[in-house]
Amino acid sequence: MVTLEDVARQAGVSLATASRVLNGSTRQVGATLRARVEQAADELGYRANIAAQTLARGASNVIGIVVHDLTDPYFAALADGAMRAAATEGLLVMVGTTHRDPEQEIAYVATLNAQRVRAVLLVGSRVADHAVTGRLRDELARYRSGGGRAACVGQDLLGVDTVAPANRAGAAELARALAGLGHTRFAVLAGPPHLVTAADRCAGFAGALEELGLPAPHVIHGPFDRDGGYAAAQQVKDATCVFAVNDVMAVGALAAYRERGVRVPEDVSVAGFDDIVTLRDHVPALTTVRLPLTDMGARALELALAETDEIVVEQVAGEVVLRESVRRMA
(Lines give C-alpha, C1' and ligand atoms only; values in the text may rest on other atoms or scores of the structure.)
Protein backbone atom coordinates (compact mmCIF):
# COMPACT_ATOMS: atom_id res chain seq x y z
CA MET A 1 0.00 0.00 0.00
CA VAL A 2 1.37 3.41 -0.99
CA THR A 3 1.51 5.85 1.92
CA LEU A 4 1.67 9.62 2.09
CA GLU A 5 5.26 9.29 3.31
CA ASP A 6 6.11 7.45 0.07
CA VAL A 7 4.67 10.33 -1.95
CA ALA A 8 6.55 12.94 0.09
CA ARG A 9 9.81 11.04 -0.37
CA GLN A 10 9.26 10.68 -4.13
CA ALA A 11 8.42 14.37 -4.51
CA GLY A 12 11.28 15.51 -2.28
CA VAL A 13 9.01 17.49 0.05
CA SER A 14 8.07 17.33 3.72
CA LEU A 15 5.26 15.13 4.98
CA ALA A 16 3.30 18.26 5.95
CA THR A 17 3.52 19.69 2.41
CA ALA A 18 2.38 16.43 0.82
CA SER A 19 -0.53 16.28 3.25
CA ARG A 20 -1.64 19.82 2.42
CA VAL A 21 -1.69 19.08 -1.28
CA LEU A 22 -3.39 15.69 -1.19
CA ASN A 23 -5.61 15.84 1.88
CA GLY A 24 -7.50 19.00 1.04
CA SER A 25 -5.90 21.49 3.42
CA THR A 26 -6.88 25.12 3.12
CA ARG A 27 -3.22 26.09 3.60
CA GLN A 28 -1.60 27.32 0.41
CA VAL A 29 1.21 25.44 -1.30
CA GLY A 30 3.24 26.94 -4.15
CA ALA A 31 2.41 25.81 -7.67
CA THR A 32 5.79 24.15 -8.24
CA LEU A 33 5.64 22.08 -5.06
CA ARG A 34 2.00 21.22 -5.67
CA ALA A 35 2.81 19.93 -9.16
CA ARG A 36 5.67 17.78 -7.83
CA VAL A 37 3.45 16.22 -5.17
CA GLU A 38 0.58 15.56 -7.57
CA GLN A 39 2.97 14.01 -10.10
CA ALA A 40 4.49 11.75 -7.45
CA ALA A 41 1.03 10.70 -6.29
CA ASP A 42 0.01 9.83 -9.85
CA GLU A 43 3.19 7.86 -10.48
CA LEU A 44 2.79 5.85 -7.27
CA GLY A 45 -0.97 5.44 -7.51
CA TYR A 46 -1.61 7.11 -4.17
CA ARG A 47 -5.22 7.69 -3.07
CA ALA A 48 -6.03 10.07 -0.21
CA ASN A 49 -8.48 8.93 2.49
CA ILE A 50 -11.47 10.84 3.81
CA ALA A 51 -10.31 10.78 7.44
CA ALA A 52 -7.04 12.45 6.50
CA GLN A 53 -8.88 15.10 4.51
CA THR A 54 -11.08 15.85 7.51
CA LEU A 55 -8.01 16.39 9.67
CA ALA A 56 -6.22 18.49 7.09
CA ARG A 57 -9.21 20.80 6.65
CA GLY A 58 -9.28 21.33 10.40
CA ALA A 59 -12.84 20.02 10.72
CA SER A 60 -12.07 18.56 14.13
CA ASN A 61 -12.10 21.05 17.00
CA VAL A 62 -10.63 18.61 19.54
CA ILE A 63 -7.09 18.62 20.94
CA GLY A 64 -5.62 15.62 22.76
CA ILE A 65 -3.20 16.28 25.64
CA VAL A 66 -1.32 13.31 27.10
CA VAL A 67 0.53 13.82 30.40
CA HIS A 68 2.39 11.51 32.75
CA ASP A 69 0.68 12.36 36.04
CA LEU A 70 -2.13 14.87 36.56
CA THR A 71 -1.69 14.75 40.35
CA ASP A 72 1.80 16.28 39.89
CA PRO A 73 1.51 20.10 39.88
CA TYR A 74 4.24 20.24 37.19
CA PHE A 75 2.02 18.47 34.67
CA ALA A 76 -1.11 20.22 35.87
CA ALA A 77 0.47 23.62 35.18
CA LEU A 78 1.64 22.61 31.71
CA ALA A 79 -1.77 21.15 30.85
CA ASP A 80 -3.49 24.26 32.18
CA GLY A 81 -1.40 26.50 29.94
CA ALA A 82 -2.23 24.38 26.90
CA MET A 83 -5.93 24.25 27.76
CA ARG A 84 -6.16 28.01 28.22
CA ALA A 85 -4.48 28.49 24.85
CA ALA A 86 -6.88 26.01 23.27
CA ALA A 87 -9.86 27.87 24.71
CA THR A 88 -8.80 31.09 22.97
CA GLU A 89 -8.92 29.16 19.67
CA GLY A 90 -12.37 27.77 20.39
CA LEU A 91 -11.01 24.24 20.73
CA LEU A 92 -12.07 21.45 23.07
CA VAL A 93 -9.48 19.42 24.98
CA MET A 94 -9.29 15.75 25.88
CA VAL A 95 -6.73 14.95 28.60
CA GLY A 96 -5.25 11.53 29.27
CA THR A 97 -2.73 10.45 31.90
CA THR A 98 -0.27 7.59 31.39
CA HIS A 99 0.84 7.13 35.02
CA ARG A 100 4.37 7.20 33.57
CA ASP A 101 3.75 4.06 31.47
CA PRO A 102 5.34 4.49 27.99
CA GLU A 103 3.06 1.82 26.55
CA GLN A 104 0.03 3.83 27.62
CA GLU A 105 1.48 6.88 25.89
CA ILE A 106 1.76 4.98 22.61
CA ALA A 107 -1.77 3.64 23.03
CA TYR A 108 -3.14 7.15 23.61
CA VAL A 109 -1.59 8.45 20.39
CA ALA A 110 -3.07 5.55 18.42
CA THR A 111 -6.49 6.15 19.98
CA LEU A 112 -6.42 9.89 19.35
CA ASN A 113 -5.43 9.17 15.76
CA ALA A 114 -8.44 6.88 15.38
CA GLN A 115 -10.67 9.61 16.81
CA ARG A 116 -9.25 12.07 14.28
CA VAL A 117 -8.39 14.83 16.77
CA ARG A 118 -6.88 17.95 15.28
CA ALA A 119 -3.64 17.90 17.26
CA VAL A 120 -1.85 15.86 19.91
CA LEU A 121 0.32 17.34 22.64
CA LEU A 122 2.63 15.03 24.63
CA VAL A 123 3.84 16.37 27.98
CA GLY A 124 6.58 14.56 29.84
CA SER A 125 10.07 13.13 29.83
CA ARG A 126 11.24 10.43 27.49
CA VAL A 127 12.66 7.19 28.88
CA ALA A 128 16.10 5.76 28.20
CA ASP A 129 14.68 3.01 25.99
CA HIS A 130 15.37 3.62 22.29
CA ALA A 131 12.95 0.90 21.20
CA VAL A 132 10.02 2.40 23.10
CA THR A 133 10.85 5.92 21.94
CA GLY A 134 11.11 4.67 18.36
CA ARG A 135 7.67 3.06 18.54
CA LEU A 136 6.14 6.28 19.87
CA ARG A 137 7.87 8.26 17.13
CA ASP A 138 6.48 5.86 14.52
CA GLU A 139 2.96 6.17 15.96
CA LEU A 140 3.21 9.94 15.78
CA ALA A 141 4.44 9.71 12.19
CA ARG A 142 1.37 7.63 11.27
CA TYR A 143 -0.88 10.22 12.86
CA ARG A 144 0.87 13.09 11.10
CA SER A 145 0.82 11.32 7.75
CA GLY A 146 -2.97 11.52 7.93
CA GLY A 147 -2.91 15.28 8.40
CA GLY A 148 -2.68 15.48 12.20
CA ARG A 149 -0.43 17.86 14.06
CA ALA A 150 1.72 17.10 17.12
CA ALA A 151 4.09 18.75 19.58
CA CYS A 152 5.70 17.81 22.87
CA VAL A 153 7.15 19.27 26.05
CA GLY A 154 10.30 17.32 26.87
CA GLN A 155 13.30 16.03 24.97
CA ASP A 156 13.64 16.50 21.21
CA LEU A 157 13.40 12.80 20.32
CA LEU A 158 10.03 12.38 18.63
CA GLY A 159 10.40 14.24 15.34
CA VAL A 160 7.77 16.83 16.23
CA ASP A 161 7.79 20.46 17.38
CA THR A 162 9.26 20.52 20.88
CA VAL A 163 9.45 22.81 23.89
CA ALA A 164 12.55 21.52 25.70
CA PRO A 165 13.40 22.55 29.28
CA ALA A 166 17.13 23.17 29.72
CA ASN A 167 17.40 20.58 32.48
CA ARG A 168 21.17 20.10 32.53
CA ALA A 169 21.93 23.81 32.38
CA GLY A 170 19.39 24.68 35.07
CA ALA A 171 20.69 22.05 37.48
CA ALA A 172 24.28 23.13 36.82
CA GLU A 173 23.42 26.76 37.57
CA LEU A 174 21.72 25.69 40.80
CA ALA A 175 24.81 23.71 41.85
CA ARG A 176 27.01 26.75 41.28
CA ALA A 177 24.64 28.96 43.29
CA LEU A 178 24.58 26.52 46.22
CA ALA A 179 28.36 26.12 46.14
CA GLY A 180 28.57 29.90 46.18
CA LEU A 181 26.81 29.83 49.56
CA GLY A 182 29.62 27.70 50.95
CA HIS A 183 28.13 24.20 50.59
CA THR A 184 30.59 21.45 49.72
CA ARG A 185 28.83 18.20 50.70
CA PHE A 186 25.80 17.44 48.57
CA ALA A 187 23.25 14.67 48.08
CA VAL A 188 21.01 14.31 45.03
CA LEU A 189 17.57 12.71 45.25
CA ALA A 190 17.91 11.63 41.66
CA GLY A 191 14.64 9.99 40.67
CA PRO A 192 14.58 6.96 38.32
CA PRO A 193 17.79 6.45 36.30
CA HIS A 194 15.79 5.54 33.15
CA LEU A 195 13.89 8.86 33.10
CA VAL A 196 15.77 11.28 30.84
CA THR A 197 14.67 14.45 32.68
CA ALA A 198 15.81 13.07 36.04
CA ALA A 199 19.09 11.78 34.61
CA ASP A 200 19.85 15.10 32.88
CA ARG A 201 19.22 17.13 36.02
CA CYS A 202 21.36 14.83 38.12
CA ALA A 203 24.17 14.89 35.54
CA GLY A 204 24.06 18.68 35.19
CA PHE A 205 24.28 19.16 38.95
CA ALA A 206 27.09 16.64 39.43
CA GLY A 207 29.00 17.97 36.43
CA ALA A 208 29.00 21.51 37.78
CA LEU A 209 30.30 20.31 41.16
CA GLU A 210 33.11 18.48 39.40
CA GLU A 211 34.03 21.60 37.45
CA LEU A 212 34.21 23.49 40.76
CA GLY A 213 36.56 20.87 42.20
CA LEU A 214 34.01 19.75 44.82
CA PRO A 215 33.37 16.15 45.90
CA ALA A 216 30.84 14.12 43.91
CA PRO A 217 27.37 14.18 45.46
CA HIS A 218 25.76 11.18 47.16
CA VAL A 219 23.22 10.08 44.51
CA ILE A 220 20.06 8.28 45.67
CA HIS A 221 17.61 6.94 43.08
CA GLY A 222 13.91 6.42 43.64
CA PRO A 223 10.42 7.22 42.33
CA PHE A 224 9.91 10.64 40.72
CA ASP A 225 7.21 11.71 43.20
CA ARG A 226 6.60 12.90 46.74
CA ASP A 227 6.96 9.45 48.29
CA GLY A 228 10.18 8.88 46.34
CA GLY A 229 11.64 12.06 47.83
CA TYR A 230 10.44 11.09 51.30
CA ALA A 231 12.13 7.70 51.15
CA ALA A 232 15.32 8.96 49.50
CA ALA A 233 15.82 11.73 52.06
CA GLN A 234 16.05 9.13 54.83
CA GLN A 235 19.10 7.62 53.12
CA VAL A 236 21.07 10.88 53.05
CA LYS A 237 24.20 10.94 55.19
CA ASP A 238 26.79 13.64 55.83
CA ALA A 239 25.39 16.27 53.41
CA THR A 240 24.84 19.92 54.18
CA CYS A 241 22.62 20.43 51.10
CA VAL A 242 20.15 18.09 49.37
CA PHE A 243 19.05 18.62 45.76
CA ALA A 244 15.83 16.88 44.69
CA VAL A 245 15.52 16.71 40.91
CA ASN A 246 11.92 17.91 41.05
CA ASP A 247 9.91 19.93 43.55
CA VAL A 248 7.47 17.18 44.52
CA MET A 249 10.43 15.03 45.61
CA ALA A 250 11.77 18.00 47.56
CA VAL A 251 8.41 18.37 49.32
CA GLY A 252 8.61 14.70 50.30
CA ALA A 253 12.12 15.24 51.62
CA LEU A 254 10.99 18.20 53.72
CA ALA A 255 8.22 16.05 55.20
CA ALA A 256 10.71 13.30 56.08
CA TYR A 257 13.03 15.76 57.80
CA ARG A 258 10.16 17.41 59.67
CA GLU A 259 8.99 14.05 61.06
CA ARG A 260 12.53 13.19 62.20
CA GLY A 261 13.08 16.55 63.84
CA VAL A 262 15.73 17.58 61.32
CA ARG A 263 15.56 21.35 60.88
CA VAL A 264 15.59 22.94 57.42
CA PRO A 265 17.74 24.89 56.73
CA GLU A 266 19.52 24.93 60.12
CA ASP A 267 20.54 21.25 59.99
CA VAL A 268 20.32 20.60 56.25
CA SER A 269 19.47 22.74 53.23
CA VAL A 270 17.03 21.50 50.55
CA ALA A 271 16.53 22.59 46.92
CA GLY A 272 14.29 21.42 44.09
CA PHE A 273 13.52 22.05 40.43
CA ASP A 274 10.42 23.42 38.57
CA ASP A 275 8.90 26.01 40.97
CA ILE A 276 5.45 24.41 41.07
CA VAL A 277 2.61 26.68 42.14
CA THR A 278 1.90 24.78 45.38
CA LEU A 279 5.24 25.99 46.77
CA ARG A 280 3.79 29.47 47.33
CA ASP A 281 2.42 28.48 50.74
CA HIS A 282 5.17 26.07 51.77
CA VAL A 283 7.25 26.71 54.88
CA PRO A 284 10.18 26.98 54.62
CA ALA A 285 10.01 28.45 51.11
CA LEU A 286 11.85 26.12 48.73
CA THR A 287 14.93 27.09 46.76
CA THR A 288 14.37 25.83 43.21
CA VAL A 289 14.90 26.32 39.50
CA ARG A 290 11.90 28.14 38.08
CA LEU A 291 10.44 27.08 34.74
CA PRO A 292 7.59 29.09 33.12
CA LEU A 293 5.35 26.02 33.12
CA THR A 294 2.04 27.60 32.05
CA ASP A 295 3.73 29.51 29.24
CA MET A 296 5.50 26.34 28.10
CA GLY A 297 2.20 24.49 27.81
CA ALA A 298 0.65 27.34 25.83
CA ARG A 299 3.64 27.56 23.51
CA ALA A 300 3.61 23.82 22.84
CA LEU A 301 -0.03 24.00 21.79
CA GLU A 302 0.74 26.98 19.57
CA LEU A 303 3.43 24.93 17.84
CA ALA A 304 1.08 21.97 17.49
CA LEU A 305 -1.49 24.12 15.70
CA ALA A 306 0.98 25.89 13.42
CA GLU A 307 1.08 24.67 9.82
CA THR A 308 4.80 24.77 9.07
CA ASP A 309 7.10 22.38 7.26
CA GLU A 310 10.03 22.95 9.60
CA ILE A 311 10.26 21.14 12.94
CA VAL A 312 10.69 23.75 15.67
CA VAL A 313 12.67 23.01 18.85
CA GLU A 314 12.71 25.71 21.51
CA GLN A 315 14.94 25.50 24.58
CA VAL A 316 13.50 27.02 27.76
CA ALA A 317 16.03 28.15 30.37
CA GLY A 318 15.35 27.87 34.08
CA GLU A 319 15.97 30.58 36.67
CA VAL A 320 17.54 29.79 40.03
CA VAL A 321 15.39 31.14 42.87
CA LEU A 322 17.12 31.14 46.28
CA ARG A 323 14.68 30.90 49.19
CA GLU A 324 14.64 30.08 52.92
CA SER A 325 15.16 26.31 52.59
CA VAL A 326 18.87 26.92 51.86
CA ARG A 327 21.24 28.68 54.26
CA ARG A 328 24.65 30.24 53.76
CA MET A 329 27.41 28.24 55.38
CA ALA A 330 29.58 30.04 57.92
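This text gives an overview of the structure that appears in the document. The written sequence of each chain sets the order in which its residues are numbered from 1. Local features in this predicted model are restricted to residues whose pLDDT is 70 or higher, and side-chain atom pairs enter the listing and the counts only when it is 80 or higher, whereas totals over whole chains, interfaces and linings include all residues. With hydrogens and water stripped out, all remaining heavy atoms of the structure feed into the side-chain values.

## Overview of helix 6 (residues 102–114)
Strands here are runs of E lasting at least two residues and helices are runs of H or I lasting at least four, both read from the DSSP assignment and numbered beginning at the N terminus. Helix span, as expected, comes to 1.5 Å for every residue beyond the first. Its 13 residues place the ends of helix 6 19 Å apart at the C-alpha level, agreeing with the 18 Å of an ideal helix rising 1.5 Å per residue. Of all the residues in helix 6, the buried ones are Glu-105, Ile-106, Val-109 and Leu-112. In a view along the axis of helix 6, the buried residues occupy a sector of 130°, so they form one face of it. For helix 6, the side-chain oxygen to backbone nitrogen distance between the N-cap and Glu-103 is 3.0 Å, and the N-cap itself is Asp-101. Whether a residue is buried, partly exposed or exposed follows from its accessible area with a 1.4 Å probe, protein chains only, as a fraction of its type maximum: under 20%, in between, or over 50%, in that order. To obtain the arc, one takes the directions from the helix axis to the C-beta atoms. Within 3.5 Å is the distance limit for a polar contact, defined as a pair of N or O atoms, with the added protein rule that one can donate a hydrogen and the other accept it, and that residues adjacent in sequence qualify only through two side-chain atoms.

## Some points on the packing of helix 6 against helix 7 (residues 130–145)
Angle between the axes and distance between the axes: these two values describe a pair of packed helices. Each axis is a line fitted through C-alpha atoms, taken for helices only over the stretch in contact, and angles between the N-to-C directions span 0 to 180 degrees. For the pair helix 6 and helix 7, interaxial distance at closest approach is 9 Å and the crossing angle is 10°. Here helix 7 runs roughly parallel to helix 6, going by the angle between their axes. Note on element contacts: helix 7 touches helix 6 through Val-132, Arg-135, Leu-136, Glu-139, Leu-140, Arg-142 and Tyr-143, opposite Pro-102, Glu-103, Glu-105, Ile-106, Val-109, Ala-110 and Asn-113. Residues are sorted three ways: Asp, Glu, Lys and Arg are charged, Ala, Val, Leu, Ile, Met, Phe, Trp, Tyr, Cys and Pro are nonpolar, and all the rest, Gly among them, are polar. Taken together, the residues that form the contact of helix 6 with helix 7 break down as 8 nonpolar, 1 polar and 5 charged. Throughout this description, any angle smaller than 35 degrees is read as roughly parallel, any larger than 145 degrees as roughly antiparallel, any in the 65 to 115 degree range as roughly perpendicular, and the remainder as oblique. Note on contacts: a residue pair is in contact if any heavy atoms of the two residues lie within 4.5 Å.

## Brief notes about the packing of aromatic side chains
Each Phe, Tyr or Trp ring (for Trp, its six-membered ring) is paired with any other whose centre lies within 6.5 Å, and the angle between the two planes then decides the class: stacked below 30 degrees, edge-to-face above 60, tilted in between. Applying the stated criterion to the full structure yields 3 aromatic pairs. Geometrically, the ring pair formed by Tyr-74 and Phe-75 is edge-to-face, given 5.1 Å between the ring centres and 90° between the ring planes. Here Tyr-74 matches Phe-75 in class, with each residue buried. Between Phe-205 and Phe-243 the ring centres are 4.6 Å apart and the planes differ by 20°, which places this aromatic pair in the stacked class. Separated by 38 residues along the polypeptide, Phe-205 in helix 9 (residues 196–211) and Phe-243 in strand 8 (residues 241–244) bring together distant segments of the chain.

## A few points about the nonpolar core
Residues grouped as a nonpolar core are buried Ala, Val, Leu, Ile, Met, Phe, Trp, Tyr and Cys residues, joined through side-chain atoms within 4.5 Å. Residues Leu-122, Leu-189, Phe-205 and Tyr-257 are the most contacted members of the largest nonpolar core, which totals 89 residues. Ranked by residue count, the leading element in this core is helix 5 (residues 73–88), at 8 residues. Every residue in contact with Tyr-257, bar those within four places of it in the chain, is listed here: Ala-233, Val-236, Val-242, Val-262, Val-264, Val-268 and Val-270.

## Observations concerning the pairing of strand 7 (residues 218–221)
Residues in a regular strand project their side chains so that they alternate between the two faces of the sheet. Note: strand 6 (residues 186–191) against strand 7, 4 bridges, orientation parallel. The partner of Val-188 across the bridge, within strand 7, is Val-219. Seen with the strands pointing away from the viewer, any crossover whose path from the first strand over the helix to the second strand runs clockwise is right-handed. Crossover connection from strand 6 via helix 9 to parallel strand 7: handedness right-handed. Following DSSP output, two strands are said to pair if at least two bridges run between them.

## Thoughts on the sheet that holds strand 9 (residues 269–271)
Read across the open sheet, the 4 strands follow the order 7-6-8-9; overall the sheet is parallel. Both edges of this open sheet fall to strand 7 and strand 9, since each of them pairs with a single strand only. Taken pair by pair, the neighbouring strands of this sheet meet at an average axis angle of 20°, ignoring direction. Of the strands in this sheet, strand 6, strand 8 and strand 9 touch helix 8 (residues 167–180), which is tilted by about 165° from strand 8. Packing against the sheet, helix 9 makes contact with strand 6, strand 7 and strand 8, and its axis sits at approximately 165° to strand 6.

## Quick notes on helix 9
In this model helix 9 runs 22 Å from its N-terminal to its C-terminal C-alpha over 16 residues, within 8% of the 22 Å that 1.5 Å per residue would give. Those residues of helix 9 not exposed but buried are Val-196, Thr-197, Ala-198, Asp-200, Arg-201, Cys-202, Gly-204, Phe-205, Ala-208 and Leu-209. Buried residues in helix 9 make contact with helix 5, helix 8, strand 6, strand 7 and strand 8.

## With respect to the environment of Gly-229
With respect to the helices, strands and loops of the structure, Gly-229 is situated in helix 10 (residues 226–233). Put simply, Gly-229 and Thr-71 are 158 residues apart on the chain and 16 Å apart in space, counted from C-alpha to C-alpha. Apart from residues lying up to four places away in sequence, Gly-229 is in contact with Leu-189, Pro-223, Met-249, Gly-252 and Ala-253.

## Focus on unusual backbone geometry
The omega angle of the peptide bond from Val-264 to Pro-265 is 10°, so this bond is cis rather than trans. Structurally, the position occupied by Pro-265 is in the loop between helix 11 (247–260) and strand 9. Put simply, Val-283 and Pro-284 share a cis peptide bond, and its omega is 0°. For Asp-238, which is not glycine, the phi torsion reads 55° and is therefore positive. Here Asp-238 is to be found in the loop between helix 10 and strand 8. Look at Asp-274: it is not a glycine, yet its phi comes out positive at around 130°. Locating Asp-274 in the fold gives a position in the loop between strand 9 and strand 10 (288–290). The class for Asp-274 is buried, based on a relative accessible area of 3%.

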